[in-house]
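The lines below spell out each chain.
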Amino acid sequence: DDWPNLATMFFDIAGQYGDRPFLWDKLDGSYVPRNWASIADEVRALSAGLRETGVESGDRVVLVAENGTNWVIADLAIIAAGAITVPAYTTNTEALHEHVLNDSGARLAIVSTAALAKRLLPACTKAGTPTVIAIDEVPASNGVEVVAWSDILVRGAESAGGVEARAAEVGRKDTACFIYTSGTGGMPKGVILSHHAVLSNIESIYLAYKPLLSGIDTFLSFLPLSHSYEHTAGLYFPISI
């Protein structure tokens, strides 16, 4: 109840756990950990960099990436900036990306790879989304500015110290994300979820599973983090405990 939003929850827990392992990515067949402190530092830098790029409170930022450390960093950085994450499925066609961009009114998009950018960038051109932040190297696209993730981190590094104070201003009733449905009943529809909605679900999960938790639990993320279930039960619930 003391956490006003998901970003504040993360920074609070990260401050307690510091150099303990937080996230693992599978690299060359082995899981490689990154600790809480290093992830928190990158979240602060990216969040400040997003603000330097022009992202303001309430802006929507589309996120197109595979499950992994950078997905988590991007999501946390967006909401810490007071903006709203719009996760998109990596399987989306160009037409579906265009629909999500238009329907959400996205100001910006983040994409992980050149392969995923092939469908996203043309959609950004058609939707009039002017800027894409690319985690990997992505070729420039007509009418869309492509900015490197590493450059955004550099931009934000000097002002990263103010990120937690800004994040604390985000209220429970503020929107955290638009989660788009699968589209099996027509075009995907954006479900607007507040920070309170996710925090409330986290509390319910904790009360139900408390007898089974050891305090050193490890979670395997296997559903897309753009899915509402994985977003809550596979990301924010593990952070909260």
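In case you missed it, the structure is sitting above this.
Residues numbered from 1 in each chain as written. Predicted model: local features only at pLDDT ≥ 70, side-chain atom pairs only at ≥ 80, totals over all residues. Heavy atoms only, no water.

Q: Give me a negative patch on the surface: which residues, what numbers.
A: Where like charges cluster on the molecular surface, the negative patch consists of Asp-1, Asp-2, Asp-12 and Glu-203. Among the structural elements, Asp-2 can be located in the segment before helix 1 (6-17). (Patch = residues over 30% accessible without salt bridge, like charges linked within 9 Å, V, L, I, M, F, W, Y side chains within 5 Å. Areas by Shrake-Rupley, 256 points an atom, 1.4 Å probe, with all protein chains shown as cover. Salt bridge = Lys/Arg side-chain N within 4 Å of Asp/Glu carboxyl O. Lys, Arg positive; Asp, Glu negative; His and termini not counted. Charge placed at Lys NZ, Arg CZ, Asp CG, Glu CD. Helix = DSSP H or I, 4+ residues; strand = E, 2+ residues; numbered from the N terminus.)

Q: Which residues make up the nonpolar core, and what values do they have?
A: Membership of the largest hydrophobic core comes to 52 residues, with the highest contact counts inside it found for Leu-6, Phe-10, Ile-110, Trp-149 and Tyr-236. A total of 9 residues in this core trace back to one element, the largest contributor, which is helix 3 (residues 69-80). Not counting the four nearest positions on each side in its chain, Ile-110 is found in contact with Val-61, Val-62, Leu-63, Val-64, Ala-74, Ile-78, Ile-133, Ile-135 and Trp-149. With 22 residues, the next largest nonpolar core counts Leu-101, Ala-106, Leu-120 and Val-138 among its residues. (Core = buried A, V, L, I, M, F, W, Y, C linked by side-chain atoms within 4.5 Å. Buried < 20%, exposed > 50% of the residue type's maximum accessible area, 1.4 Å probe, protein only. Contact = heavy atoms within 4.5 Å.)

Q: Give a description of the packing of helix 2 (residues 36-52) against helix 6 (residues 149-157) that names residues and reports values.
A: Two elements in contact, helix 2 and helix 6, have axes whose closest approach is 7 Å; the angle formed by their N-to-C orientations is 90 degrees. Of the possible angle classes, the one that applies to helix 2 and helix 6 is roughly perpendicular. Of the residues in helix 6, those in contact with Glu-42, Ala-45, Leu-46, Ala-48, Gly-49, Leu-50 and Glu-52 of helix 2 are Trp-149, Ile-152, Leu-153, Arg-155, Gly-156 and Ala-157. Residue composition of the contact of helix 2 with helix 6, grouped by class: 8 nonpolar, 2 polar and 3 charged. (Axes fitted to C-alpha atoms, helices over the stretch in contact; angles between N-to-C directions. Parallel < 35°, antiparallel > 145°, perpendicular 65-115°, else oblique. Nonpolar A, V, L, I, M, F, W, Y, C, P; charged D, E, K, R; others polar.)

Q: Give me the lowdown on the pattern of salt bridges, citing residues and values where you can.
A: This structure, assessed with the given rule, holds 5 salt bridges. Close ionic contact of Arg-107 with Asp-59 constitutes a salt bridge, the shortest N to O distance being 3.7 Å. Of the two residues, Arg-107 is situated in the loop between helix 4 (94-104) and strand 5 (108-111) and Asp-59 in the loop between helix 2 and strand 3 (60-64); the sequence distance between them amounts to 48 residues. Salt bridges sharing partners connect three or more residues here, namely Asp-41, Arg-44 and Glu-164.

Q: Quick one: what's the story with the packing of aromatic side chains, residue by residue and with numbers?
A: Where two aromatic rings form a pair, the distance of their centres and the angle of their planes describe that pair. In the structure shown here, the tally under the stated rule is 6 aromatic pairs. For the pair Tyr-17 and Trp-36, a centre-to-centre distance of 5.6 Å together with 35 degrees between the ring planes defines the contact as tilted. Of this pair, Tyr-17 sits in helix 1 while Trp-36 sits in helix 2; the two residues are 19 residues apart in sequence, bridging distant segments of the chain. Note on Phe-22 and Trp-36: the rings are 3.9 Å apart at their centroids and 20 degrees apart in plane angle, and the pair reads as stacked. One end of the pair, Phe-22, is in strand 1 (residues 21-27); the other, Trp-36, is in helix 2, and 14 residues separate them in sequence. (Phe/Tyr/Trp six-rings, centres within 6.5 Å; stacked < 30°, edge-to-face > 60°.)

Q: Outline the pairing of strand 4 (residues 84-87), listing residues and values.
A: The alternating pattern of strand 4 places Ile-84 and Val-86 on one face and Thr-85 and Pro-87 on the opposite face, and all of these are buried. Pairing of strand 3 with strand 4, which is carried by 4 bridges, proceeds in the parallel orientation. Among the inter-strand pairings, Val-61 is bridged to a residue of strand 4, identified as Thr-85. (Pairing = 2+ DSSP bridges.)

Q: Give me the side chain of Ser-47: which residues, what numbers.
A: Considering the arrangement of structural elements, one finds Ser-47 in helix 2. Engagement of the side chain of Ser-47 in a polar contact is seen with the backbone oxygen of Ala-77, the distance being 2.9 Å. Sequence-distant contacts of Ser-47, defined by excluding residues within four places in its chain, comprise Ala-77, Ala-80, Ala-81 and Val-163. (Polar contact = N/O pair within 3.5 Å; in protein donor to acceptor, adjacent residues only side chain to side chain.)

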